[in-house]
Amino acid sequence: MLRREDGVALLVSVALTMILSAMALGIVTLSITERGINRNQKSGLQALYNADAAIEVAKQQMTVFSQAKMESLRNEWPGVGPIIVAPETFFPDSGLSFSSNELGCEVRTVFTFVDSGLATTSQTFNFRYVSTAEGDAFTTGSRTIISEGNLRLSASRGSFADFLIFTDVHYTPSGHQIWFHTSGYFDGRVHSNGKMRFAYFPTFEDLVTQVPNVATYYNNGWPVDLDADRNGDRDVPNFYGGFERSADRIPLPSNSFCQERAALGYAAADTTPVPLSMKRSALGLDPDDPSPVPPGIYVPNDGGAVTGGIYVAGDLEECRLTVDGDGNQNYTMTDANGITKTIVIDRVNNHTEVHQGGSTTTLDGVPRGILYTTGGIDNLGGLDRVGDAVPVAVGSETQLTIASVDDIVIDKDIACENMDESNCVLGIYSSGGDIRIATDAPDDLLLDCFVMATGEYGAFTVDDYDHGSYRGQVHLRGGAVQRYYGPFGTFSYSGAQTGYGRDFRYDRRGIAPPYYPTTVLFNVDQPEPHVLVWREA
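**A word on the nonpolar core**
As a rule of thumb, nonpolar side chains are buried together in soluble globular proteins. The biggest cluster of nonpolar side chains holds 87 residues, and the ones touching the most others in it are Leu321, Leu380, Ile414, Ile428, Ile437, Leu447 and Phe504. Ignoring anything within four residues of it in the chain, the contact list for Ile437 reads Ile410, Leu445, Leu447, Phe460, Thr461, Val462, Asp463, Val474, Phe488 and Tyr500. The next biggest cluster of nonpolar side chains, apart from the first, holds 17 residues, and it includes Met62, Ile84, Leu96 and Phe111.

See below:
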């Protein structure tokens, strides 16, 4: 009996052992399976991350490749026709590819040309791209991602409003040398097609470029030419943005026909001369009459609404810029016949009032942002100061270019309303003369504008700059472009002696005056891929 019970106990013991062993084996198997699943999930996720990283690499790769190649083609471009002559072959037939064993990924991008747009001031080329990326992780993970999208390559003409200082010939109009010296502070891009000259310690906050490979340094009155950004410890300009020599030449515009067309209501992109019949037609005169346009101030219109800008035939004796109590921009102008007109721009009610004597003409709409004269302007600016206060000349919503064929003389401050917080901007452009600061202009003159003088000897200069006493600084917030570098004053080692110093600060809001001249060169814009589809294969 005892032996039978011992046998049952043995069987029970063996059974329990087998059950426990099976349970242990199951637990171990489950643990191994879960670890395998976790490992596969982790490797799969890592592979997905690697593939996605490859997609980002492809986007950077196509950006760098296309911008570099387009800049190369731009440099060889003859100036007419498309910059990319054969866009179908712009990218390699095999596309662009990247692979890395270390990163565990590879990607290939192929491109299809879609279309292009060629305009006077810009060119665009549109491509469709497909990037296929594979990511690997460990020995078990592999994922594939496909990204599709658009890539636009574009180039646009630069504006001369991009420069704080620009000179075509770095001499005075009379052929004398002119120097950047210690009293000069320049917060913006400076460029010259000629050779620059530096004396002592002028300050430049932004990039300085010139076409020649050497610059002239004053050297205590014994000038030296150096392919360097300083002359020992004697002449040490502060080039905080760098000084680049051997830069590309940038030609100046040769006329202001596009500004004249804009003022008359025609397409500003056309740079050919405006026929007399078209001028007379736009101004409401008989187009078949061969007589010149009578001198005067015109607001081109169709009898009820404004159709262009403001057009002046002949000279302006005076042009005053003011803002009235209702916030309207006012232009009070006296022409060569002594006739005065005040043009009031009411943007709120979208109409323009023309006041002459006791009569008022009201037109629907507001003029284009261009005031053009076929002559010059003898006195331009705002109103006289009230004590130390400078009256506002340009309203916060005013965007205007004043263009002339001959000289423009600035005799008052020109201050923009809330310039830093508003969209106002003013350009002053003489295509055949100078921009001059009058002898009776106030000390420490304030000018919120871009100025440009491109006549044969065009310059932004100060009348009688070498007479009298020092008149403080010209505080320019904008930029100055000129064929020759106009003199502002005289100086010695101890500082300025006559005329004005230059306190020029670039208007960094990025707003160019309307119809302001553009450069003939195209700047290549940075391409940015635009993703339309992202999916896992």
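**A few points about unusual backbone geometry**
Not every positive phi belongs to a glycine, and Asn219 is a case in point at roughly 55°. Here Asn219 lies in the loop between strand S11 (215-217) and strand S12 (224-226). A positive phi angle, close to 55°, is found at Asn220, a residue other than glycine. Note on placement: Asn220 falls in the loop between S11 and S12.

**Notes on the side chain of Arg483**
As for its placement among the helices and strands, Arg483 is situated in strand S33 (residues 470-484). Taking relative accessible area as the criterion, Arg483 reaches 18% and is therefore assigned buried. The contacts of Arg483, once residues within four sequence positions are left out, are Thr167, Asp168, Val169, Leu252, Pro253, Ala453, Thr454, Gly455, Glu456 and Gly458.

**Brief notes about the pattern of salt bridges**
Per the stated rule, a full pass over the model turns up 23 salt bridges. The salt bridge involving Arg508 is made with Asp187; its shortest N-O contact spans 3.0 Å. Here Asp187 lies in strand S6 (residues 185-187) and Arg508 lies in the loop between strand S35 (495-506) and strand S36 (518-524), a separation of 321 residues in the sequence. Judged by its relative accessible area of 48%, Arg508 falls in the partly exposed class. For Asp187, a relative accessible area of 18% puts it in the buried group. Here the salt bridges share partners, and the residues they tie into one network are Arg128, Glu148 and Arg535.

**A word on the layout of surface pockets**
Roughly 630 Å³ of volume is contained in the largest pocket. Forming the boundary of the largest pocket are 25 residues, of which Arg157, Cys258, Thr271, Pro517 and Thr518 lie nearest the centre. Mapped by element, the contributors of at least two residues to the lining of the largest pocket are strand S4 (141-159), helix H2 (257-264) and S36. With three residues, the single largest contributor to the lining of the largest pocket is S36. Of the residues that constitute the lining of the largest pocket, the class distribution is 14 nonpolar, 10 polar and one charged. Roughly 480 Å³ of internal volume is contained in the second largest pocket. When contributions to the lining of the second largest pocket are tallied by element, the ones reaching two or more residues are helix H1 (2-76), S4 and S36. For the lining of the second largest pocket, the element with the highest residue contribution is S36, accounting for five residues. Among the residues making up the lining of the second largest pocket, the classes are represented as eight nonpolar, eight polar and five charged.

Cut-offs used in this document
- Residues numbered from 1 in each chain as written.
- Predicted model: local features only at pLDDT ≥ 70, side-chain atom pairs only at ≥ 80, totals over all residues.
- Heavy atoms only, no water.
- Core = buried A, V, L, I, M, F, W, Y, C linked by side-chain atoms within 4.5 Å.
- Buried < 20%, exposed > 50% of the residue type's maximum accessible area, 1.4 Å probe, protein only.
- Contact = heavy atoms within 4.5 Å.
- Helix = DSSP H or I, 4+ residues; strand = E, 2+ residues; numbered from the N terminus.
- Salt bridge = Lys/Arg side-chain N within 4 Å of Asp/Glu carboxyl O.
- 1 Å grid on protein atoms, 1.4 Å probe; cavity = no way out; pocket = protein on both sides within 12 Å on 5 of 7 lines; lining within 4 Å.
- Points joined across faces, edges and corners; volume = space filled by probe spheres on them.
- Nonpolar A, V, L, I, M, F, W, Y, C, P; charged D, E, K, R; others polar.

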